[in-house]
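These are the residues of each chain, in order.
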Amino acid sequence: MQKLKYFIAVVENGTVSKAAKVLNMTQPPLSMLLKKFEEEIGIQLFRREGKRLFLTDSGQMVYQRGIELLASSEAILQEAREYQKDHRGTVSIGCATVSNFSLIPEVIKRMNDRSINISTHVKEGSTPFILEHLRFHKVDIGIIRNVYNRDDLITTKLLSEPIMVAVPPNHPLAEKSSVTLEALKNENFLLHHSSYEYNISDNIIMECKKSGFSPNIIYWGTETLPMLGMVNAGMGIAFPPKSVIKSVGVSLPPMLELINPEIITTLNLVTVKNNVKKEAVDIFLKITKEVIAEIEEDFILY
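Residues numbered from 1 in each chain as written. Predicted model: local features only at pLDDT ≥ 70, side-chain atom pairs only at ≥ 80, totals over all residues. Heavy atoms only, no water.

Asker: Explain the packing of helix α1 (residues 2–13) against helix α3 (residues 27–41) here, please?
Answerer: Helix-helix packing is characterised by the crossing angle of the two axes and by the distance between the axes. Relative orientation of the contacting elements α1 and α3 amounts to 115 degrees, with a least axis distance of 10 Å. For the element pair α1 and α3, the recorded crossing hand is left-handed. Facing K3, L4, Y6, F7 and V10 of α1, the residues of α3 in contact are L30, L33, L34, K36, F37 and E40. Residue classes in the contact of α1 with α3 are distributed as eight nonpolar, no polar and three charged. (Axes fitted to C-alpha atoms, helices over the stretch in contact; angles between N-to-C directions. Helix = DSSP H or I, 4+ residues; strand = E, 2+ residues; numbered from the N terminus. Left-handed = near helix turned anticlockwise from the far one by under 90°. Contact = heavy atoms within 4.5 Å. Nonpolar A, V, L, I, M, F, W, Y, C, P; charged D, E, K, R; others polar.)

Structure below.
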């Protein structure tokens, strides 16, 4: 396991010398340990060209599986320590800010109400940030809106919901209950970045063009709540998911249903294949799905 850690450090730091500095050791012993590691497992991990090292295909596989193995071993030890201290475990989640306001507080409340002793760690960020943390086992689960097809990921739909239109409080449409996309052609649009595969902004732009206009986009952002603050300040309109109405402690602008067309977004749960299973994660997901089911029921009544 120690040699595996050294091997991973070399891969992630790019050179033996840089890895040696990070590991607080000198280069020659680290080079010898790498060579011994290759001999012990009978696999050539690196292709050497002069002073440079390049991962072989087998080395790449050992690197990927090695990260999973180290994460699994740490998870086992962490879970054992928590049981010894009478804890049920920890769950680490990567999500956008809006999910941390609208979904996760209710999940945590229910765990507290049921005396379920789970510590929840949340890291907010963009989709690329969340996927990177998933792949490096820095979070157990990701909650994201984009749909991805990746060999190393498992994507499960949690919730399908309509996109709403948020307008400033003094807007002529503020007292309406619904609005068509065509009626918004003269508005300033605040949209989410669409730099990582296909997302809801691409769908909105496509539907605008079908309605005969190109939207005037004055702001691209990564988070919904800052956009809603800009809407409240009268800077433009935004397109949050309907579940934002469940946000805790947030001052929301007037929200209208978008009709003709209705645009649907999906909230997805993403995990890494072959990741170690934790009881705490299973409990958290069970309660999350329970909360999601009630949110969907509320949408019917809303």
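Asker: I'm lost on the sheet that holds strand β5 (residues 141–144) in this one. Help?
Answerer: Working definition: the strands of a sheet are paired by backbone hydrogen bonds and lie parallel or antiparallel to each other. Spatial strand order, β4-β3-β5-β13-β6: five strands in an open sheet with mixed pairing. Single-partner strands in this sheet number two, and they are β4 (118–124) and β6 (153–162). Between one strand axis and the next, the sheet turns by 20 degrees as a mean value, whatever way the strands run. Strand direction decides the pairing type here: strand β3 (residues 89–95) and β4, joined by seven bridges, are parallel. Each residue of the ladder has a partner; that of V91, found in β4, is T120. The strands that helix α7 (residues 127–135) touches are β3, β4, β5, β6 and β13 (264–272); relative to β5, the one it contacts most, it runs at about 165 degrees. (Pairing = 2+ DSSP bridges.)

Asker: Would you take a moment to explain the side chain of E207 for this structure?
Answerer: Mapped onto the secondary structure, E207 falls in helix α8 (residues 200–210). If we ignore the near neighbours within four places in the chain, the residues touching E207 are L181, P261 and I263.

Asker: Just to check I follow, could you spell out the pattern of salt bridges for this structure?
Answerer: Side chains that differ in charge, positive against negative, can pair when their charged atoms come close. Counted by the stated rule, this structure contains eight salt bridges. Between K109 and D113 there is a salt bridge, and its shortest N-O distance comes to 2.9 Å. Of this pair, K109 and D113 both sit in helix α6 (residues 104–113), four residues apart, which is roughly one turn of the helix. Taking relative accessible area as the criterion, K109 reaches 44% and is therefore assigned partly exposed. In this structure D113 comes out as exposed when scored by relative accessible area, which is 54%. The residue R110 makes a salt bridge to E290 at a minimum N-O spacing of 2.7 Å. Taken together, the residues R110 in helix α6 and E290 in helix α10 (residues 279–301) connect sequence positions 180 residues apart. Classification of E290 as partly exposed rests on a relative accessible area of 26%. A single network of salt bridges, built from pairs that share partners, joins E106, R110, R114, E290 and E294. (Salt bridge = Lys/Arg side-chain N within 4 Å of Asp/Glu carboxyl O. Buried < 20%, exposed > 50% of the residue type's maximum accessible area, 1.4 Å probe, protein only.)

Asker: Which parts of the structure should I look at to understand the packing of aromatic side chains?
Answerer: Each aromatic ring pair is described using two quantities: the centre-to-centre distance and the angle formed by the ring planes. Here the structure, examined in full by the defined rule, presents three aromatic pairs. Here the aromatic rings of F7 and F37 are separated by 6.0 Å at their centres, their planes lie at 50 degrees, and the arrangement is tilted. One end of the pair, F7, is in helix α1; the other, F37, is in helix α3, with 30 residues separating them in the sequence. We classify F37 as buried; its relative accessible area is 10%. With centroids separated by 5.1 Å and ring planes inclined at 40 degrees, the aromatic side chains of F189 and F239 adopt a geometry described as tilted. With F189 in strand β9 (residues 188–192) and F239 in the loop between β11 (237–238) and β12 (255–259), this residue pair connects regions lying 50 residues apart in the sequence. Accessibility classification places F189 together with F239 in one group, the buried group. (Phe/Tyr/Trp six-rings, centres within 6.5 Å; stacked < 30°, edge-to-face > 60°.)

Asker: Can you walk me through the pairing of β13 in this structure?
Answerer: Side-chain direction in a regular strand flips from residue to residue, so the side chains alternate between the two faces of the sheet. Of all the nine residues making up β13, eight are buried; the element is thus mostly covered by neighbouring parts of the structure. Bridge count for β5 against β13 is three bridges, and the pairing is antiparallel. Among the inter-strand pairings, G142 is bridged to a residue of β13, identified as V270.

Asker: What's the story with empty space enclosed by the protein in this structure? I'm lost.
Answerer: Rolled over the atoms, a probe as big as a water molecule pinpoints where empty space is left. Taken as a whole and assessed by the stated rule, the structure comprises one cavity of 30 Å³ or more. In this model, the largest cavity occupies a volume close to 50 Å³. What lines the largest cavity is simply S99, S102, L103, R145, L159, S243, L267, I292 and I295. Within the residue set of the lining of the largest cavity, elements represented by two or more residues are α5 (97–102) and α10. Partitioned by chemical class, the residues of the lining of the largest cavity number five nonpolar, three polar and one charged. (1 Å grid on protein atoms, 1.4 Å probe; cavity = no way out; pocket = protein on both sides within 12 Å on 5 of 7 lines; lining within 4 Å. Points joined across faces, edges and corners; volume = space filled by probe spheres on them.)

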